[in-house]
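This is what each chain is made of:
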Amino acid sequence: MAGATGEGLRKDGGEQVKDSAKGGVGTGPGRVLVAVYALFALAAGARAGVQLATRFDEAPLAYSLSAFAALVYIVLTVALIRGARRTALAACVIELTGVLVVGTFSLLDPEAFPRATVWSGYGSGYVFIPLVLPVLGLFWLFRHRKGD
């Protein structure tokens, strides 16, 4: 229990649950994490949108993967804001897997990726933030579990 006054708790279906705004993504480093994911969702989404609309035939796989990355960033941003932990965990795992798989294949077979994606070279075009971000996201999610 959070305290005798119930601070940080709310009634939800007759059960006491921890208020996600207390010590969650609504404060401190959680806000930074959400902001970075939102920024990456916007940047990757805008870039992929322009590429898909104007140059899809040049590199359909690369541009589609960038659009997929943007979708993952959007899902993560919304999941973190809403406190949807399982969705955020799944999206972080998908993101990390994508960065590792696409990053590896883009180095092993550069011809398959004639244009860079957000995850090419492990996110080297974005200062490796796409590689570090899911690790930070997973760390944050495991460190701030419900009931802790």
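If you're wondering where the values come from, they're calculated on a predicted model, not measured in any experiment. (Residues numbered from 1 in each chain as written. Predicted model: local features only at pLDDT ≥ 70, side-chain atom pairs only at ≥ 80, totals over all residues. Heavy atoms only, no water.)

1. Focus on the environment of A88
Right, on to step 1. Mapped onto the fold, A88 is located in helix α3 (residues 85–108).
Right, on to step 2. On the basis of relative accessible area, A88 is assigned to the buried category, the value being 0%.
Right, on to step 3. Measuring from C-alpha to C-alpha, the distance between A88 and G137 comes to 8.3 Å, with 49 residues separating the pair along the chain.
Right, on to step 4. Those residues within four positions of A88 in sequence are excluded, and the remaining contacts are L76, A79, L80 and L141. (Helix = DSSP H or I, 4+ residues; strand = E, 2+ residues; numbered from the N terminus. Buried < 20%, exposed > 50% of the residue type's maximum accessible area, 1.4 Å probe, protein only. Contact = heavy atoms within 4.5 Å.)

2. Observations regarding the side chain of S120
Right, on to step 1. Assignment of secondary structure puts S120 in the loop between α3 and α4 (129–143).
Right, on to step 2. Residues in contact with S120, not counting those within four places in the same chain, are V102 and S106.

3. Things to note about a nonpolar patch on the surface
Right, on to step 1. Residues F68, L71, V75 and I94 make up a contiguous nonpolar surface patch of about 330 Å² in total accessible area.
Right, on to step 2. With respect to the element layout, F68 can be found in helix α2 (residues 60–82).
Right, on to step 3. By relative accessible area, F68 is classed as partly exposed at 38%. (Patch = residues over 30% accessible without salt bridge, like charges linked within 9 Å, V, L, I, M, F, W, Y side chains within 5 Å. Areas by Shrake-Rupley, 256 points an atom, 1.4 Å probe, with all protein chains shown as cover. Salt bridge = Lys/Arg side-chain N within 4 Å of Asp/Glu carboxyl O.)

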